[in-house]
Amino acid sequence: MELMVPSTKESIKAVPLRHPFRWAAAVFLFVLAIAFIYDAAHRKAYDWPTYRKYFFDSRILAGAVVTIELTILSMVIGVVLGVALAVMRRSPNPIFRAISVVYIWFFRGTPVYVQLVFWGLSTTIYSSIFLGIPDIHFGKIFLGYHFPLSQNTPIFFLAMLGLGLNEAAYMAEIVRAGLLAVDRGQEEAAMSLGFGWWQTMRKIVIPQALRIIIPPTGNESISMLKTTSLVTALPLVTDLYGHARDIESVTYDPVPILLIACTYYILMTSVMMVGQYFMEKRLSKGHQELKVVAVG
Amino acid sequence: MVVVKDVHKNYGSHEVLKGISLEVNRGEVMVLVGPSGSGKSTMLRCINHLEKINSGRIYVDNQLIGYREAHGKLYELKPSEASEQRTGIGMVFQKFNLFPHMTALENVTVAPTSVGKVSKEEAIQTGKELLNRVGLGNKLEHYPAHLSGGQQQRVAIARALAMKPKLMLFDEPTSALDPELVGEVLDVMKELAASGMTMVVVTHEMGFAREVGDHLVFMDQGVVVESGNPAEILANPKEERTKSFLAKVL
């Protein structure tokens, strides 16, 4: 018997597959969310009048600025030092490799909170740095030099250093993955043209690795914005969380103030996530373009 | 120009080169053929010291590659000295290895300006001439991703030539290309050979070997099985292994 084939010229108008459970789950979650919001809006403990009263408090705004400054500066330290550590890890020089390995081992192996406490104590532990040969005197000539460390070293500076040096260890691992992702043929091509190792890194490998590490670096930046709240360990109290706690200690009502801090953090990370989204979209667009060209 | 004397090379316990000796005179084209795993690519990579050899000597232009020999001892070259040696030896890779973040012109000018002491203007001038020579004068600002395989390989040849090498090494330059793009790369190589460049070419293109090669070397399992005039070997191979290999590729 001959198969009856209907006309295939018109475009397909099939009944789409139904997803009843998705709808049911969506409605359930929506109801749950409404219930939670309704409850939160009326709950005394959240104290919304206080929330509104302090939302644009100058201390909160100033704290947010300090948090942004800390995030940017410590990420700059983290990225620059992280690239340096990752490159040292690849170096043919065993001393550079060892420095990198030990650095990453130490800063990844201890909690950042504890590191920050130490940075707070650092000017007490080391009141000065002495460079020279200890206890050797040639007549009156003293071989060496004392660099006095100020007890008044700004805590902000120590916080930035503490966060940045810790971040460098993590960025080093990210950059290392980026360097490994660059095809080995690139290095060989550069070497065959007479490039030295450092020239190969600087002109050929690092520029290609940087493109690969942009998405994870965005992720680290978002993470850093929140990690800055740990500078209370030093103690640095001028950041967003520090100022929020300042206000709490006067109002004796921590909940609404913490909600304000959370709102600010989530607003700032949201802006960063939007930025990251567009950056990744731009990168992937370049990638698709490559594919099309390769096919055509 | 190139003298390879009794070169041995092993990866761990696996011996890839088992005493290779070759000689290429100035202006000659030597074609290395053989089955995959025969060691021909490794041999090529040893010539510009991308791979270290375990014994033997390689000389390019009377210069010992990778080492300095004095008082009966070998001294490793400093990295800068090894780089200096490589500037005189151009290399073209199977997978092109163009720098993807640079345009065709930048690919060709980056080495002369950063390794050599050539001014930017001069490098751009020669770069344009070289890209013209390989037929890509209209693709100066194109990135590798926007070029076909054949075009990329021609840029790679121009990039190597930019360092004004006295010797060019080709490691299966057409093996990664679509069949219809092989011809344009071989044409550039023929022109280069005709201009008097000394070349060592690892390839499976027997037509090229016959037409352009002055010398053909057939390698298998790390040894030179047969060598001589390309036309003669391709027409009347003497060794069994050469015969069976040629029967498969011709």
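Quick caveat: nothing in here was measured; it's all calculated off a predicted structure.

**Q** I tried to follow a nonpolar patch on the surface on my own but got confused; where do I start?
**A** All names here are of chain A. Together, Tyr113, Val114, Val117, Phe118, Leu121, Ile125 and Tyr126 make up a nonpolar patch on the protein surface, roughly 670 Å² of accessible area in all. Looking at where Tyr126 falls in the secondary structure, it is placed in the loop between helix 5 (112-125) and strand 1 (128-138). A relative accessible area of 52% means that Tyr126 is categorised as exposed.

**Q** Is there a simple way to think about unusual backbone geometry in this case?
**A** Most of the time, phi is negative for any residue but glycine, and the peptide bond is trans. Cis geometry is found at the peptide bond from Leu234(A) to Pro235(A), where omega equals 10°. Positive phi is not limited to glycine here, since Asp47(A) has a value of about 45°. Although it is not a glycine, Phe96(B) adopts a positive phi angle of roughly 65°. By secondary structure assignment, the location of Phe96(B) is in the loop between strand 8 (89-92) and helix 3 (104-114).

**Q** In this structure, what is going on with the sheet that holds strand 1 (residues 2-11) of chain B? I would like to understand it.
**A** What holds strands together in a sheet is hydrogen bonding between their backbones, with the strands either parallel or antiparallel. Residues and elements named next belong to chain B. Taken together, the four strands give an open sheet; going across it, the order is 2-1-4-5, and neighbouring strands pair in antiparallel fashion. Unpaired on one side and paired on the other, strand 2 (14-24) and strand 5 (63-64) mark the two borders of the sheet. Here strand 1 pairs with strand 2 via eight bridges, running antiparallel. Across the sheet, His8 pairs through a bridge with Lys18, a residue of strand 2. This element, helix 1 (residues 40-47), spans strand 1, strand 2 and strand 4 (55-60) of the sheet and lies at about 65° to strand 2.

**Q** Explain the interface of chain B and chain A here, please?
**A** Much of the literature gives interface size as the accessible area that the parts lose upon coming together. Listed as interface residues are 24 residues of chain B and, on the opposing side, 20 residues of chain A. Between chain B and chain A, roughly 1,800 Å² of surface is buried when both sides are summed, and carbon and sulfur atoms account for 63% of that area. The closest approach of N and O atoms between Glu188(A) and Arg45(B), which form a salt bridge, is 2.6 Å. At the junction of chain B and chain A, the tally comes to seven residue pairs in polar contact (both at pLDDT 80 or more). Looking at side-chain class alone, the side of chain B that touches chain A contains 14 nonpolar, seven polar and three charged residues.

**Q** What is the right way to look at the sheet that holds strand 10 (residues 198-202) of chain B in this model?
**A** All names here are of chain B. With mixed pairing, the six strands of this open sheet are ordered in space as 8-9-10-3-11-12. Because the sheet does not close on itself, it has two edges, and the strands there are strand 8 and strand 12 (223-228). Each strand axis lies, on average, 15° off the axis of its neighbour in the sheet, ignoring direction.

**Q** Help me out: how do you make sense of the environment of Ser7(A) in this one?
**A** All names here are of chain A. Inspection of the secondary structure puts Ser7 in the segment before helix 1 (20-42). With a relative accessible area of 54%, Ser7 lands in the exposed category. Between the C-alpha atoms of Ser7 and Ile77, which are 70 residues apart in sequence, the distance is 67 Å.

**Q** Help me understand the pattern of salt bridges, please; the structure alone is not making it clear to me.
**A** Opposite charge on two side chains makes pairing possible when the charged atoms of those side chains draw close. Under the counting rule described, the total for this entry stands at 22 salt bridges over all chains. Here Arg45(B) and Glu51(B) are joined by a salt bridge, their closest N and O atoms 3.0 Å apart. Exposure remark for Arg45(B): the relative accessible area of 14% places this residue in the buried category. Looking at Glu51(B), the relative accessible area reads 13%, which means it is buried. In this structure, Lys166(B) engages Asp61(B) in a salt bridge whose closest nitrogen and oxygen atoms are separated by 3.8 Å. Of this pair, Lys166(B) sits in the loop between helix 5 (149-161) and strand 9 (167-171) while Asp61(B) sits in the loop between strand 4 and strand 5, and the two are 105 residues apart along the sequence. Assessed through its relative accessible area of 32%, Lys166(B) is described here as partly exposed. One salt-bridge network, in which partners are shared between bridges, spans Arg89(A), Arg108(A), Glu173(A) and Arg176(A).

The rules behind these values
Residues numbered from 1 in each chain as written. Chains lettered and ligands numbered in written order. Predicted model: local features only at pLDDT ≥ 70, side-chain atom pairs only at ≥ 80, totals over all residues. Heavy atoms only, no water. Patch = residues over 30% accessible without salt bridge, like charges linked within 9 Å, V, L, I, M, F, W, Y side chains within 5 Å. Areas by Shrake-Rupley, 256 points an atom, 1.4 Å probe, with all protein chains shown as cover. Salt bridge = Lys/Arg side-chain N within 4 Å of Asp/Glu carboxyl O. Helix = DSSP H or I, 4+ residues; strand = E, 2+ residues; numbered from the N terminus. Buried < 20%, exposed > 50% of the residue type's maximum accessible area, 1.4 Å probe, protein only. Pairing = 2+ DSSP bridges. Contact = heavy atoms within 4.5 Å. Axes fitted to C-alpha atoms, helices over the stretch in contact; angles between N-to-C directions. Buried area = accessible area lost by both parts, 1.4 Å probe. Polar contact = N/O pair within 3.5 Å; in protein donor to acceptor, adjacent residues only side chain to side chain. Nonpolar A, V, L, I, M, F, W, Y, C, P; charged D, E, K, R; others polar.

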